[in-house]
Structures are given as structure tokens and as C-alpha cells.
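Survey of secondary and tertiary structure
As a plain string of letters, each chain reads:
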Amino acid sequence: MSLTLPRTPSPFYEIEAPVIYHERTVGAEYEIVFHAPAIAESARAGQFVEVLFGEGYAPLVRRPFSIFRANRDAGTCSILYVARGSFTSALARKRVGDGLSVVGPLGNRFQWELRRGRQPVLIAGGIGAPPITFLAREICEGESSLKYRPVVINAAKTRDLLVGQVEFGALEVSLHVVTEDGSHGRQGRATELLREIVHNSTAPLALYACGPMPLLKAISDIAQEFALPCQVSVETPMPCGIGVCNSCAIAVYDLPAQKTRMVRACWEGPVFEASNLVWEGY
Amino acid sequence: MSLQIDLSVHLTPTCALPSPILIASGGLGFGDTLAGAVALEGAGAFITPTLTLSPRQGNHMPRTVEASAGLIHANGLPNPGLEASLVTDIPRLLSLPCPLIVSIHGENTEAWRTLAERLSAIRGVIALELNLTPTALHSDGFLRGDTPNEAETLQYIAASLQTVRAATRLPLIAKLPNVGAEIGVASRAAVSAGADAIAVSQAFPAVAMRLSGRRFRLPGVAGGLSGPAIKPLALYQVWRVAQSVSVPIIGMGGVMNGEDALEFVMAGATAVGVGIANLIHPNTSAQVLAEMRAWMARNGVAKIATLTGIANREG
Ligand SMILES: Cc1cc2nc3c(=O)[nH]c(=O)nc-3n(C[C@H](O)[C@H](O)[C@H](O)COP(=O)(O)O)c2cc1C
């Protein structure tokens, strides 16, 4: 049994990509679309790009962003981000026609085809939402006759930290919104809602999640308790994204060898079977 | 009339490199992710991340922090160990379209010897680079407690080189540590103990703070700083080493483009390593070579070797 999910065997490209659309969706959340045909050609849900712009080595290294949308016909990709830190605030000032340096597509993808016949339950925690929206779209568009409508839980601490609301609302999914402080949607935690859904469901389920590690760990526990397949996309710093710098190492179980092994979240991941990851310490 | 540009250089009288631009140790990892994406045709050599005898999992997370025009990293030399690498990494790296140099670090005398013996039996490995930063400084807690004094550091450099020298006929590149000894003095100790070439700079000890948490950012506090921020410090080291010894120098530290590389050559470097720039722009080495060629053509310089240390000869 493999310790990690398979990778799409396509190479990555470094592209000077012109911005062709850049709009605020809601609050401080923006979608930026850029022309990068080689990346759009093979991009799948769960994969990411490494973005850089600026002068005089400020910033010096790239930042990873999950691919939010890819349009093969138009040769475009987009990312959905929240302008909060210095990098994303500077990104928010990019205009149509400006260039971004983009490396991608990187990483592996959600392997939902392995779980056909199960109802997909997608959990997005905060800024983990963009790859989950891509996955929801991929599932909705990829299945000609969907046996089960995907369930989406979009969760955050508070209303301002919810991401992807507009996009989830436009998809054919049954959407549950939950905030810890009750400022939007239902009050509570994603995991409480997930437990309810698991309890009340008569369909066999498959879980997919992206968000902070403690959330993914709690989801992984539920998956284990109810023997549900679960794929998670981990959020760790990834300065290079091309499997070189070793700054995104994460521990997986190597059961045959009876030990744990470090793999690169950017290369062997970012999507893992939750049961393969070592969750202690998160 | 177009100028015939000659980029070849010699690491030793018998060890020629197709160009002076090397992939610095760690700059492109173990090369398992590059297929179809990174062209290494013109590169002078690919230097592996440092191999140790036993596998190392590396340090705790997080391992990197961005600094002004630099990156502080504290990876802890993660590598699969010699035996696993001989099966997987080395064969793959030997199929790259450029020469291969293996970086090694012995955690004790026996390890230095075994690494040197086993690797010199591999056809196609053209040289060994000794990562001479003491073992303790590669791990979390880097520089906590006592650091070696200058006498101890020089002794460590000499002993490590003598052990490896006795075990192999391959050319030896001494990559000097950035703590413990003045760099010119360290280079003399290395050459006396058998080094054929000197590599500077290793990443510089560095610390980053998290103001809001009133804490250090890295779990082991200190890491190594690489990138454009260290270029002037690295050029200083190349100049100092050029004053101190007469063996070839591999200069590196913040090389991002052809002009940076030419500056290292003029300060005294025979070859130039590109490290962190590769992780930002994976094809930096090809770009740097193209820019060097263009500069040489514009300035009527046919042979790169004629520029080596030119600044030290004039004035
Ligand atoms: C991610 C990373 C990994 C590195 N790994 C090694 C290593 O394994 N052994 C070594 O001797 N130097 C290592 N270095 C140091 C570089 O080889 C080089 O000496 C230093 O980074 C300065 O060059 P640069 O500014 O071009 O990166 C590493 C540097 C980086 C950024």
C-alpha cells in the first residue's frame, strides 16, 4: 500500500502570467485570474501554484496558493485569497495587465474518483476553502448523473474569516455554513456539524477537507471512528513548492516498515489519506 | 563577427567543468522533481544536498523564515543516508546532463572515511564537497552552549580533510564553516590538509523574531541565512580566501543573475554556486549562463577563466 496518493505526472512550469481579471468577491476576499495556459491545461482540484511579484527581492520567495479555478479553453487559472498579510495586501494592488510570476501546477490532487458511489462531504476551514470549491465544482461537473449531491461544510471562527461563500452558494451542493461565534450561519464547530451529518446519513460517505491542522486532525478522528475514507489537503508553509527546500516535511506512517517517515507536503502531498498521516503533535 | 565564448573552467588541473555555474548543495535538492521542468544542460556541476552516513529526518517545523532579501533555514540536513542514496538518488543524479559532485558530512571520523570510500567507487562522481560545519551546528539548537574556538575549528577542518584525503583520490572541495574561525585562516588549514578547492559561503548564522509572541521564530532559534542579503559577505569571503590560498574557489551567496555571478568571478571565484535562486526560479542556472555569455559578448571577453580574480590583479 502506498503511503501517499499518486501524483499527476505532469511537469511544472514557470510562467510570467498577465492578470486578466481581479475583483473583490466579499470583504477582503479577492479572485485574481491570470493567463497561464500550460498550467490551466492540467490543473486539478487540490493542486497549487507558487506566486511571486515585486522588486528588489521583496519578497524573496514565493507563496503557495491553491488553484481555485482553471479554464482550459481560455488558458486561465485563478486563485482566491484574503488580503490580510503583507504579501496578500500587495497582491490586492495588482491590476489587470500586470504580471505575476507563477510556478505550477504543483502537488497532487483530491482523488475523488476512487470514492465514486459514496456521497462526498467536503469540509472547508477558513482559508482552506479555495481547493474545496474547486473540488466541489470538479465533482459536480465530472459526474454526468450524480447519485448524491455533495455536502459542503464551510466553517470559520467568525463571519469575516469565511472564504468562498459566493462560489459555494452558486454550486449544486447542499451547503452548511458554521461559525464558532454564530456571526454567520449556524453557531458551532465544523466537527459538531460533521458528526450530525454522519449520524443522520443513510448514504455511505467520503470526506474531503482542507483547513488548519487541528481541524483536519479532528476530522480525521471522526473518519476513523466511523470508518469513513477521508482525504485532507494540509496547509504548511511551502517556500519552494517544487520538492527542493524540505521546509514542508510532514510525517506519514510507513506501516510495512513499522515506523514513520518524513515526506514533502508540497510534492508527495498536499493531499493525503488522513489515515496515513501522523496526527500526534497537532 | 561573433565572439567564440569559452565558459569552461578547471576545478583541478585534471578536473574540467563545462561552465562555472554550479547548482549549490541543496539548491535543487536530490533532483527527483526536475524532470521536464528544469534544464541543466549547461551547468558546470550539480552538487547534492549534504549526505551523511546514517539517515537524518531533519529538524522540527517550522524550518524556514523569510528575512530581508534572504531566507533563514534550519533543515537539519535531512537526507536518506549513504546506503539508500547510493540506490536511489545517486543513479538518478548521474543521469543528469551535467557532472555530479557529492556533498558529504561525517558525523565522526569513521563516517567521513566510509562516505569517501564508498563514493569514490562510483563512476561519474567527479569530486566530493566536504560540508565542514561541525555536526552539532546542523541540528536544532544550532550554536546553543559552547561553540568551538578557533583552534578547535581549524583542528576539525584539518582532521576531516586528512581522513577523507587518505580514503579517496577524488578532488576535494572544502566548504568552510561560517563559525569558529576567520575564513582566510580556515582556508589555509583546509589547503594544508589536502583540499583541492575552497567553497564559500555557507549560509550565515541568523535569527528571526516573532514580535507578537515575544519569541524566536525557529524552534532551534538560529538557522542559516542565504540569498541576496549575504552577497556582500560572501564576496568578502571570496576575496579573503583568494588572498590566503592559491587553489580554485567556488564562490556563492545570493547569486540571482549573470552579473552577480561575474562579480564572484572577478573577486576570485573560479566557479560560482547558485543555491536559493533555484528554488525561486527553477531554471536560474540556465538564465545566469545566458546572461554571462551576453555580458562577455558585449564586453569582448572570450574566456571566462581570464576574468577569475581579475579584481585582485589590478590596481
Ligand atoms: C534550502 C537550502 C538547503 C541547503 N542545503 C545545504 C546542504 O545540504 N549542504 C550545504 O553545504 N549547504 C546547503 N545550503 C547552503 C547553500 O549551498 C549555499 O552555501 C548558501 O545557501 C548560499 O548560497 P545562496 O545564497 O545562493 O543560497 C542550503 C541552502 C538552502 C537555501
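What you see is a predicted model, and the numbers here were worked out from it, not measured in a lab.

Remarks on the sheet that holds strand β5 (residues 64–67) of chain B
Residues and elements named next belong to chain B. Strand order across the open sheet formed by 4 strands is β5-β6-β14-β11, with antiparallel pairing between neighbours. The sheet terminates laterally at β5 and β11 (204–207), the two strands that pair on one side only. Between one strand axis and the next, the sheet turns through 40° on average, direction left out of account.

Observations concerning the packing of helix α3 (residues 109–120) of chain B against helix α4 (residues 150–167) of chain B
Residues and elements named next belong to chain B. Running from N to C, α3 and α4 cross one another at 35°; their axes reach a closest spacing of 8 Å. Handedness of the α3/α4 crossing: right-handed. For the pair α3 and α4, contact is made by Thr109, Trp112, Arg113, Ala116 and Glu117 and by Ser160, Thr163, Val164 and Ala167, respectively. A per-class count over the contact of α3 with α4 returns 4 nonpolar, 3 polar and 2 charged.

A few points about the interface of chain A and chain B
Counting from both sides, the interface comprises 22 residues of chain A and, opposite them, 27 residues of chain B. Of the residues contributing to the side of chain A that touches chain B, the split by class is 17 nonpolar, 3 polar and 2 charged.

Re the domain arrangement of chain A
All names here are of chain A. Taken as a whole, chain A is organised into domain 1 (13–106) and domain 2 (112–276). The C-alpha-based centres of domain 1 and domain 2 are spaced at 22 Å. Contacts between the two partners involve 20 residues from domain 1, matched on the other side by 20 residues from domain 2. Broken down by secondary-structure element, the contributors of at least two residues to the side of domain 1 that touches domain 2 are β1 (13–26), β3 (48–52), β4 (63–66), β6 (76–82) and β7 (99–106).

Digging into unusual backbone geometry
Residues and elements named next belong to chain A. Between Ala58 and the following residue, Pro59, the backbone shows a cis peptide bond with an omega angle of -5°. Tracing the chain through its elements places Pro59 in the loop between β3 and β4. Across the junction of Gly269 and Pro270, the peptide omega takes the value 10°, indicating a cis bond. Tracing the backbone through its elements, the reader meets Pro270 in the loop between β15 (259–264) and β16 (271–273).

How each quantity is defined
- Residues numbered from 1 in each chain as written.
- Chains lettered and ligands numbered in written order.
- Predicted model: local features only at pLDDT ≥ 70, side-chain atom pairs only at ≥ 80, totals over all residues.
- Pairing = 2+ DSSP bridges.
- Helix = DSSP H or I, 4+ residues; strand = E, 2+ residues; numbered from the N terminus.
- Axes fitted to C-alpha atoms, helices over the stretch in contact; angles between N-to-C directions.
- Left-handed = near helix turned anticlockwise from the far one by under 90°.
- Contact = placed C-beta atoms within 7 Å.
- Nonpolar A, V, L, I, M, F, W, Y, C, P; charged D, E, K, R; others polar.
- Domains from an automatic or database assignment.

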